[in-house]
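Chains, contacts and geometry: an overview
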2 protein chains.
Amino acid sequence: MKNELRDHNLKALFLGSKGENVDLFKELLLKMIDEHVGWRQNYQPQDLPVITPQDKSSKSFLETADHVRSVLNVLSSKLRTNSLPWHTAGRFWGHMNSETLMPSIIAYTTAMLWNGNNVAYESSPGTSQMEEEVGHEFAALMGYKKGESWGHICADGSIANLEGLWYARNMKSLPLAIKEVAPEFVAGKTEWELLNMSTEEILDILDQIPEKIDEVKEHSARSGKHLQKLGKWLIPQTKHYSWLKAADIIGVGLDCVEAIDVDDHYRMDISKLEAKIRELAAQEIPVLGVVGVIGTTEEGQVDRIDKMVELRDKLAEEGIYYYIHVDAAYGGYARAIFLDENNNFIDYAKMSEVHEKFNVFTEKNEWLTEDIYHSFKAMSEAETITIDPHKMGYIPYSAGGIVVKDTRMRDVISYFATYVFEKGADIPALLGAYMLEGSKAGATAAAVWTAHKVLPLNVTGYGKLIGASIEGAYRFYHFLQGKQFKVGDKTINVYPLTKPDFNMVDYVFNEEGNTDLEKMNKLNHDFYEQASYVKGGLYNNEFITSHTDFAIPDYGNSPLPYVQSLGFSKEEWDREGKVTILRACALSPYAYDKGVFEEYASKIEQAIQEKLEKVYAVVN
Amino acid sequence: MKNELRDHNLKALFLGSKGENVDLFKELLLKMIDEHVGWRQNYQPQDLPVITPQDKSSKSFLETADHVRSVLNVLSSKLRTNSLPWHTAGRFWGHMNSETLMPSIIAYTTAMLWNGNNVAYESSPGTSQMEEEVGHEFAALMGYKKGESWGHICADGSIANLEGLWYARNMKSLPLAIKEVAPEFVAGKTEWELLNMSTEEILDILDQIPEKIDEVKEHSARSGKHLQKLGKWLIPQTKHYSWLKAADIIGVGLDCVEAIDVDDHYRMDISKLEAKIRELAAQEIPVLGVVGVIGTTEEGQVDRIDKMVELRDKLAEEGIYYYIHVDAAYGGYARAIFLDENNNFIDYAKMSEVHEKFNVFTEKNEWLTEDIYHSFKAMSEAETITIDPHKMGYIPYSAGGIVVKDTRMRDVISYFATYVFEKGADIPALLGAYMLEGSKAGATAAAVWTAHKVLPLNVTGYGKLIGASIEGAYRFYHFLQGKQFKVGDKTINVYPLTKPDFNMVDYVFNEEGNTDLEKMNKLNHDFYEQASYVKGGLYNNEFITSHTDFAIPDYGNSPLPYVQSLGFSKEEWDREGKVTILRACALSPYAYDKGVFEEYASKIEQAIQEKLEKVYAVVN
Ligand SMILES: [Mg+2]
């Protein structure tokens, strides 16, 4: 199926802020249901129905059906009472939910009727094929070489990150195992050298000893040995709790995690990274791996992956090597913005021209700097990458993914008894033996596959959707900049955190003249309570946002320049130790439109005004 | 919502072998969609639609909609070509898929429109509440104490088992951590004694030092320390690869896994378990934990959990303690068969009476022996239990679950920075900090919640559905017993493996007089190829089954009595080293019905005859 459509109309791809496309949604969904039911009917049409007309008019059937109706009434009521209106084109500026692609919702529902389980090819040939295809699409998106790379769908980004760390841990331990099993291949290497071999070197050795791979694996970290020798796992200072959890689960432990300071743009400070690695090397402590983040979930910031790769190349000459895992759970799909209609990475000089051709942005974009360009480009040098279809893929929860640069790594973590495999299969017969999870919905693969067919993973498809999202974020950012509210005799100013690296807009309210950080934090927390489920009445809430705290234990002093720019002293920061931030992930596929945004802007302003008045009425 | 319905008609709960309930399905689904769309429309009705009539008649919109139609046509074709017809009332006897509950499909689809993410309460109040409720329902199903226990939904059984092992590992290490942080609470204990403290003792100490819990946790296995001291993880000899993978991932390593022989009913041999524990104790090697299985996915066998608990009590007097994790991914829901309408565990003497009252079986059941009764009853003594809604819960993939006996254990693995929590919440604000995964579909919780409301987790609801499934399995088992086929001058006999412990029927074909095990294995594998996707034409296949190998590396000699009963010598077994088994998981909610089964029996017989003829035409 070749996708010849060049001008995807995003408005045809979502149910709509007001359910505008409900007719199209029902048309498509009912057609799929009918096709499924026709399939059931015509599988062995000589078999008669087992649920007879008499069954259907029996008392117990009718009572059971009414019982189901009652239960679904309760379900509907609960969902309508306690859900978030993120479908709105302009009133939900919270974290991290959005309208999802209508074709994917339909695909999920349809495939759910077949209920394939992608753990094993046998029980899900159709959706297993789709997952294999999606894996290759992910690999192409990341710039990995065709035929040498692989990817698969998983439960979510935490699981993908855990799997990445599992890969890193077992890869790193292999030279120690090779030394035990086939020492001639690492003859003369010190332990330090063994623990600084590149992923490619290691895999090249394994290629030469296929008959010994099982034994080498038995001696690797999977045995439970060597875990404390593998060195440090370096993550950004803003360390997301999921990385601590991952280090705990994978057994290397929290003590092996070291945080590298971020700069005042919340990106990993590469000079600090280098200093840390050299400090460790001086003690002969290796680096298990370095995590770069493409789109932090708190700030939307994009780490300098290119600089991480550059540093690795430089240190390699000194005999130091580290694995790179990119956590692009949030931002991975945005690499589509950099791929032309033939999936080639666009020259920086030609970006604007190509974007204009495919209407990626409606106005000149401020986001795409050279830094960001190079960060995305260098992703192809990482060993593993996490990507979440349920974030910027606009797929319903839960759909995560992991991409592996070198498909040979797959065998390093695989579990299989050869006798469970059918010969000649190009798709694993038992995918569960090659990944962290076991059973998993074929429907998820169908939903992601369908989305990728509707919107190609390049500038013509996802690039345009994500461009729209970023443009919406910038509209909100500019709306907030310099905004002032008057409540009684107080003046409340709005301060966005930083120019968004992506589609995340962080901001705070502060009372003019206030130099008490605790007071500002309370104002923003109180505002959040008015603009969230906390105060109840979610369905009547005219402006919804979310919040987070940047606190010293996680951020060190990186928020300090921002805090000082708001007029707080270093002493205030040290005393309070955190800054409470309001946080908007701008995912709406509608808010990029200038007319739409402007219509909502005045409503948002009014809603903020009312909330601030409530906060001050309550507080003072 | 009180469920007063006493006579659930199972036929009203499924779409139907021939889609018989498609009208009911559409009625319910469309009502839910309309209610969702009404909710979108009426959230701030002053906001106008952003997708206008003009948009909808624009060229690009129409082209995009047509493009979506084309993609969905391909999706539908792929699914119809490459899916398994497990919906059939009598032709799919494979592994492990089935018709799922129609109300859950509808609930999933509905909740997907809201796209809640249960990782955080803030983004999914409605479905987070449902998940909390489901967790308590799981706990009640397992006989855990109300208010002291907890459970949650997870991606699948592998993840739940991994989480169970994570709990066990970190719990086991706590006394070593307490010794470092608060030595006065374990004064005078040797390392052996520390590693043999009961879960309750450990938690009782932590209760006394709430201010030191974080520090204790820092010194626990999560730090990366102590992993190699914690002892052996004992699993049944039939060791499912997911347990090896789990030990690898969790860092204790494969070398810590020890397999305990199973008896010739494929249940863990408790005398061998005792011998192994004593052998380890003699070397001062502790037992990290013991895994009991309720419903092996290969044989459907139910381990003697009661005997594991009894042994633990006995050994406790000698200062030996082990954690028990029950892998009831497959069989967990079947505990509903033992709970009366008030969720009390039924006296063994009264089982038949209660079952008759609620029509759990249509004829006298052969399954429910006293052994099985006590195995299920004793589950309430295990620390953690895996239960998969997507197996015997008849929920679409993916929906796993874990249940925790003592809710205090939750804090032992939790990650949280106190400042991210709202005060006074009874549901975790960030569920992701208390479980292995992160983001996860609120829709899954809605699907499971709805199923539990439709079918209570006792003899009135799920008990009846699972009873039907077991009864179907026994019909198939009796159908196979003593069955003979004639192909040319050959006589082919059918031999079921053993009386099913649950709803799994394993069987083989053998040529009369054949004493060559390799030849029999080939016959069964060839038959499988005819009765699966392997030979293509899945949609025209009139009888579908699956297969597995019982091989010496995984099973030792436990299959030998069966193999010998078929006339093969011990030497044949040693030479071939495996027996290829055909495997049917009888999940159909229709085949329990005598009339239905008998109608299909002659069709199955005919289809088997034709397949055997093809096999012999090809082979000879
Ligand atoms: Mg707060």
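Keep in mind that what you see is a predicted model, and the values were worked out from it rather than measured. Throughout, a residue's number is its position along its own chain's written sequence, starting from 1. Working convention: letters from A go to chains and numbers from 1 go to ligands, in the order in which they are written. In keeping with the predicted nature of the model, local features appear solely for residues at pLDDT of at least 70, side-chain atom pairs appear and are counted solely at 80 or more, and the whole-chain, interface and lining totals rest on all residues. Where side-chain values are given, they derive from all heavy atoms of the structure, hydrogens and water being excluded.

This paragraph deals with the overall build of chain A. Secondary structure elements follow DSSP: runs of H or I no shorter than four residues count as helices, runs of E no shorter than two count as strands, and numbering proceeds from the N terminus. When you go through chain A residue by residue, the secondary structure sums to 22 helices and 13 strands. As a reference, a globule follows 2.2 Å times the number of residues to the power 0.38, and the radius of gyration itself is taken over C-alpha atoms. Since a compact globule built from 620 residues should have a radius of gyration of about 25 Å, the 26 Å found for chain A is in line with a globular shape. Along the three orthogonal principal directions, the C-alpha set of chain A runs to about 80 × 80 × 50 Å. Working definition: with a 1.4 Å probe on protein chains only, accessible area under 20% of the residue-type maximum means buried, over 50% means exposed, and in between means partly exposed. A burial count over chain A gives 69% of its 620 residues as buried. Note on definitions: a residue-residue contact is assigned when non-hydrogen atoms from the two residues lie within 4.5 Å. Taking the contacts inside chain A whose residues are at least 6 apart along the sequence as the reference set, 75% of them involve residues at least 24 apart.

In this section: the confidence of the model for chain A. For chain A, mean pLDDT is 94; residues scoring 70 or higher make up 97% of the total. Values of pLDDT, the confidence the predictor places in each residue, fall between 0 and 100. Here residues 418–424 of chain A is a poorly scored stretch, pLDDT under 50, and it has 13 contacts once near neighbours within four places are set aside; other chains count.

Turning our attention to the interface of chain A and chain B. Taken together, the contact pairs 174 residues of chain A with 174 residues of chain B. Buried area is calculated as the accessible area (1.4 Å probe) missing from two parts once they are joined, with the contributions of both summed. Here chain A and chain B share an interface that buries about 15,300 Å² over both sides, 61% of which is from carbon and sulfur atoms. Salt bridges are counted wherever a side-chain nitrogen of Lys or Arg sits within 4 Å of a carboxyl oxygen of Asp or Glu. Inspection of the chain A/chain B interface yields 20 salt bridges. Arg-222 of chain B is the partner of Asp-248 of chain A in a salt bridge, and the nearest nitrogen-oxygen pair spans 3.7 Å. Between N or O atoms, a polar contact is any pair within 3.5 Å; within protein, one atom must be a potential hydrogen donor and the other a potential acceptor, and residues adjacent in sequence are included only when both atoms are from side chains. One can count 98 residue pairs in polar contact (both at pLDDT 80 or more) joining chain A with chain B. Sorting elements by how many residues they give to the side of chain A that touches chain B places helix H1 (residues 22–42) of chain A first, with 20 residues.

With that settled, consider the sheet that holds strand S13 (residues 578–585) of chain B. All names here are of chain B. At least two DSSP bridges between two strands are needed for those strands to be called paired. Taken in spatial order, the 6 strands make up an open sheet running S1-S12-S13-S11-S10-S9, and their pairing is mixed. Here the strands that pair on one side only, and so sit at the sheet edges, are strand S1 (92–93) and strand S9 (484–487). Judged from the 5 bridges that link them, strand S10 (residues 490–496) and strand S11 (residues 504–511) form a sheet pairing that is antiparallel. By the bridge assignment, Pro-496 is partnered in S11 with Tyr-507. For every element, the axis is a line fit to its C-alpha atoms; helices are fit only across the contacting stretch, and the angle between N-to-C directions ranges from 0 to 180 degrees. Along the sheet, helix H18 (residues 517–530) makes contact with S10, S11, strand S12 (544–551) and S13, crossing S13 at roughly 30 degrees.

To continue, consider the packing of aromatic side chains. Residues and elements named next belong to chain A. Each aromatic pair joins two rings of Phe, Tyr and Trp (for Trp, the six-membered one) with centres within 6.5 Å, and gets the label stacked for planes under 30 degrees apart, edge-to-face for over 60, and tilted for any other angle. Within the structure shown, the criterion is met by 63 aromatic pairs over all chains. Seen in terms of ring centroids, Phe-476 and Tyr-507 are 5.8 Å apart; in terms of plane orientation they differ by 85 degrees. Their pairing is edge-to-face. Taken together, the residues Phe-476 in helix H17 (residues 462–480) and Tyr-507 in strand S11 (residues 504–511) connect sequence positions 31 residues apart. Like Tyr-507, Phe-476 is buried. What links up through ring pairs into an aromatic cluster is the set Trp-93, Phe-476, Phe-479, Phe-485, Tyr-507, Phe-509, Phe-527, Phe-543 and Phe-597.

Let us now look at the relation of the copies chain A and chain B. For this overlay, a least-squares fit was computed on C-alpha atoms, restricted to residues scoring pLDDT of at least 70 in both copies. Overlaying chain A with chain B gives an RMSD of 0.0 Å, the required rotation being 180 degrees about an axis along which the chain moves by 0.0 Å. In the structure described here, the two chain copies are related by an operation that fits a two-fold rotation axis. For chain A, the smallest separation between a C-alpha atom and the rotation axis is recorded for Gly-251 of chain A, amounting to 2.1 Å.

Residue and element names in this part refer to chain B. Here helix H11 (residues 270–282) crosses helix H12 (residues 305–316) at 30 degrees, and the two axes come no closer than 10 Å. Of the two possible hands of crossing, H11 and H12 adopt the one that is right-handed. Taken together, the residues of H12 that come into contact with H11 (itself represented by Ile-270, Leu-273, Glu-274, Ile-277 and Arg-278) are Lys-307, Met-308, Leu-311, Lys-314 and Leu-315. Class assignment for the residues of the contact of H11 with H12 results in 6 nonpolar, no polar and 4 charged. Two helices that cross are described as forming a left-handed crossing if the nearer one is turned anticlockwise from the farther one by less than a right angle, and a right-handed crossing if clockwise. Under the grouping applied here, Gly and all other residues not named as nonpolar or charged are polar, the nonpolar ones being Ala, Val, Leu, Ile, Met, Phe, Trp, Tyr, Cys and Pro and the charged ones Asp, Glu, Lys and Arg.

Turning our attention to the pairing of strand S6 (residues 323–328) of chain B. Residue and element names in this part refer to chain B. Here S6 lies mainly inside the structure; 6 of its 6 residues are buried. The alternating pattern of S6 places Tyr-323, His-325 and Asp-327 on one face and Ile-324, Val-326 and Ala-328 on the opposite face, and all of these are buried. Pairing between strand S5 (residues 287–293) and S6: 5 bridges, direction parallel. In the strand pairing of S6, Val-293 is matched with Asp-327.

Further remarks concern the pattern of salt bridges. Residues and elements named next belong to chain A. In the structure shown here, the tally under the stated rule is 98 salt bridges over all chains. Between Arg-267 and Asp-371 there is a salt bridge, with its nearest N and O atoms 3.1 Å apart. Of this pair, Arg-267 sits in the loop between strand S4 (257–260) and helix H11 (270–282) while Asp-371 sits in helix H14 (residues 370–377), and the two are 104 residues apart along the sequence. The exposure class of Asp-371 is partly exposed, given its relative accessible area of 30%.

Residue and element names in this part refer to chain A. Handedness of the strand S5 (residues 287–293)-helix H12 (residues 305–316)-strand S6 (residues 323–328) crossover: right-handed. Relative to strand S7 (residues 384–387), S6 runs parallel, the two sharing 4 bridges. Looking at S7, one finds that Ala-328 is bridged to Ile-387. By convention, orient the strands away from the viewer: a clockwise path from the first strand over the helix to the second makes the crossover right-handed.

Attention now goes to the UniProt feature "domain: L-tyrosine decarboxylase C-terminal" (unreviewed entry) in chain A. Per the UniProt record, "domain: L-tyrosine decarboxylase C-terminal" (unreviewed entry) is found at residues 472–612 of chain A. What you have in residues 472–612 of chain A is 42% helix and 25% strand, and the ends, taken at the C-alpha atoms, are 24 Å apart. UniProt positions are given in the numbering used here, feature names are shortened, and annotations may be inferred rather than shown by experiment.

What follows deals with the UniProt feature "modified residue: N6-(pyridoxal phosphate)lysine" (unreviewed entry) in chain A. The UniProt record annotates "modified residue: N6-(pyridoxal phosphate)lysine" (unreviewed entry) at Lys-391 of chain A. The class for Lys-391 of chain A is buried, based on a relative accessible area of 13%. When sequence neighbours within four positions are dropped, the list of residues in contact with Lys-391 of chain A reads Met-96, Thr-297, Ala-329 and Tyr-330 of chain A together with Ser-439 of chain B. Among the polar contacts made by the side chain of Lys-391 of chain A, one reaches the side chain of Asp-388 of chain A at a distance of 2.7 Å.

Interaxial distance between H1 of chain A and helix H3 (residues 59–81) of chain B falls to 11 Å at its minimum, and their mutual angle equals 20 degrees. In terms of orientation, H1 of chain A lies roughly parallel with respect to H3 of chain B. Where H1 of chain A crosses over H3 of chain B, the two elements pack in a sense that is right-handed. Taken together, the residues of H3 of chain B that come into contact with H1 of chain A (itself represented by Leu-24, Glu-27, Leu-28, Lys-31, Met-32, Glu-35 and Trp-39 of chain A) are Ala-65, Val-68, Arg-69, Leu-72, Asn-73, Leu-75, Ser-76 and Arg-80 of chain B. The class makeup of the residues in the contact of H1 of chain A with H3 of chain B is 8 nonpolar, 2 polar and 5 charged. Working definition: roughly parallel below 35 degrees, roughly antiparallel above 145 degrees, roughly perpendicular at 65 to 115 degrees, and oblique for all remaining angles.

What follows concerns the side chain of Asp-549 of chain A. With respect to the helices, strands and loops of the structure, Asp-549 of chain A is situated in strand S12 (residues 544–551). For Asp-549 of chain A, the side chain forms a polar contact with the side chain of Thr-580 of chain A, separated by 2.7 Å.

This paragraph deals with the sheet that holds S7 of chain A. Remark on secondary structure: sheet strands pair via backbone hydrogen bonds, oriented parallel or antiparallel. Residues and elements named next belong to chain A. Reading across the sheet, the 7 strands line up as S2-S8-S7-S6-S5-S3-S4 and stay open at both edges, with mixed pairing between neighbours. Whereas interior strands pair on both sides, the edge strands pair on one side only; in this sheet they are strand S2 (150–154) and S4. Each strand axis lies, on average, 20 degrees off the axis of its neighbour in the sheet, ignoring direction. Two elements, strand S3 (residues 232–236) and S4, share 4 bridges in a ladder whose sense is parallel. What sits directly across from Pro-236, in S4, is Ile-260. On the sheet, helix H5 (residues 125–141) packs against S2, S7 and strand S8 (400–404) and is oriented at approximately 120 degrees with respect to S2.

It is worth spelling out unusual backbone geometry at this point. Cis geometry marks the peptide bond from His-95 of chain A to Met-96 of chain A; its omega dihedral reads -20 degrees. Its location among the elements puts Met-96 of chain A in the loop between strand S1 (92–93) and helix H4 (102–114). For the peptide bond that leads from Tyr-397 of chain B to Ser-398 of chain B, omega is -10 degrees, which places it in the cis range. Mapped onto the elements, Ser-398 of chain B comes out in the loop between strand S7 (384–387) and strand S8 (400–404). The phi torsion at Gln-44 of chain A lies on the positive side, around 55 degrees, for a residue other than glycine. Note on placement: Gln-44 of chain A falls in the loop between H1 and helix H2 (53–56). The phi dihedral of Asn-359 of chain A falls on the positive side, at around 50 degrees, and the residue is not glycine. Relative to the helices and strands, Asn-359 of chain A resides in the loop between helix H13 (351–357) and H14.

So, about the environment of Ser-149 of chain A. Residue and element names in this part refer to chain A. With respect to the helices and strands, Ser-149 occurs in the loop between H5 and S2. With 317 residues separating them along the chain, Ser-149 and Ile-466 place their C-alpha atoms 25 Å apart. Among all residues touching Ser-149, those that are not within four sequence positions of it are His-136, Ala-139, Tyr-144, Val-404, Lys-405 and Thr-407. At 2.8 Å, the side chain of Ser-149 forms a polar contact with the backbone oxygen of Lys-145.

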